[in-house]
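If you want the building blocks of each chain, they are given just below.
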Amino acid sequence: MNGTGTKQRLIDGALETIRTSGITAVSARTVAAASGTNQALIFYHFGSVEELIAQACVTATESRVAHFRARFAEVTTLGELLNLGRAIHAEERAEGNMTVLAQALAGAQGGGRLAEATRQALDNWVREVQATLDRVLAGSPVLEFAQTEGLAHAVSAGFLGLTLFESVNPEGSEQALAALEQLAVLVDVFEGLGPVATRAVRAKLRKTAKRS
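Reference entry: report on the structure contained in this document. These numbers were taken from a predicted model, which means no experiment stands behind them.

The next point concerns the pattern of salt bridges. Per the stated rule, a full pass over the model turns up seven salt bridges. Of the charged contacts, one joins Arg 69 and Glu 128 as a salt bridge, the two residues approaching to 3.1 Å between their closest N and O atoms. One end of the pair, Arg 69, is in helix α4 (residues 49-73); the other, Glu 128, is in helix α7 (residues 112-136), with 59 residues separating them in the sequence. Its relative accessible area of 41% is what places Arg 69 among the partly exposed residues. Arg 113 is the salt-bridge partner of Glu 116, the closest N and O atoms lying 3.9 Å from each other.

Structure follows, in structure tokens:
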């Protein structure tokens, strides 16, 4: 068995354990059982179970972001971006990947290597969302009042928070998604206004921004 193949089996075993039993159930024994390997190989390839979990979270996220990259590239409006967000949410939930991310966030509360890895994993999504916003909002007056980096973090955090919220209040989660979509429609309408109407809206937004 080659080293690359073994490492991937261990990563897959860690992810499967997190999906089915939660991050607290991940140990050398449970990962070895899930991956069909020897426990000693975990320490040979990763040094510790914590490092295995960290690398599993990062590599899994990188793979999923790459999976959706072509679909991000097809987005032309904020509404389409939110629609893609819904599709990603549904697919990742069905695959159990949202569970992995939620468990990683829970485990990261204590700081350390897992917190660093979770932040890196989330940043993969944020960068992809920001690149899409940079393209979709290029030249938009919206950027006078909000930068794409902050928007990308807000969108990513919003979808992750809604995923956690959905488990206890699915109706409320759906209402929140619908509200986000309505806001996206308003922005898209704003983008389609003529120059006179656009100037009027800009002036109103600037006055509001100054008062705040």
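Picking up where we left off.
Looking at where His 89 falls in the secondary structure, it is placed in helix α5 (residues 78-95). Look past the residues within four positions of His 89 in its chain and what remains in contact with it is Met 98, Phe 159, Thr 163 and Glu 166.

Another point: α5. Here α5 contains 18 residues, and its C-alpha end-to-end distance of 25 Å stays within 8% of the 26 Å for a straight helix at 1.5 Å per residue. What α5 keeps buried is the set Leu 78, Gly 79, Leu 81, Leu 82, Leu 84, Gly 85, Ile 88, His 89 and Glu 92. Looking one or two residues past α5, Gly 96 carries a phi angle of roughly 85 degrees, positive in sign.

Under the definition given, this model contains one aromatic pair. Centre to centre, the rings of Phe 68 and Trp 125 are 6.2 Å apart; their planes meet at 45 degrees, and the pair counts as tilted. In this pair, Phe 68 is assigned in helix α4 and Trp 125 in helix α7, connecting sequence segments 57 residues apart. Trp 125 carries the same exposure label as Phe 68, and that label is buried.

A few words on the environment of Gly 22. Inspection of the secondary structure puts Gly 22 in the loop between α1 (3-21) and α2 (28-35). Accessibility expressed as a relative area gives 10% for Gly 22, which makes it buried. Counting along the chain gives 77 residues from Gly 22 to Thr 99, while the straight-line C-alpha distance between them is 8.3 Å. In contact with Gly 22, other than residues within four places in its own chain, are Thr 17 and Gln 103.

Our focus in this paragraph is the environment of Leu 84. Tracing the chain through its elements places Leu 84 in helix α5. When neighbours within four sequence positions are excluded, Leu 84 is seen to be in contact with Arg 71, Phe 72 and Val 75.

Basis of the calculations
Residues numbered from 1 in each chain as written. Predicted model: local features only at pLDDT ≥ 70, side-chain atom pairs only at ≥ 80, totals over all residues. Heavy atoms only, no water. Salt bridge = Lys/Arg side-chain N within 4 Å of Asp/Glu carboxyl O. Helix = DSSP H or I, 4+ residues; strand = E, 2+ residues; numbered from the N terminus. Buried < 20%, exposed > 50% of the residue type's maximum accessible area, 1.4 Å probe, protein only. Contact = heavy atoms within 4.5 Å. Expected span 1.5 Å × (residues − 1). Phe/Tyr/Trp six-rings, centres within 6.5 Å; stacked < 30°, edge-to-face > 60°.

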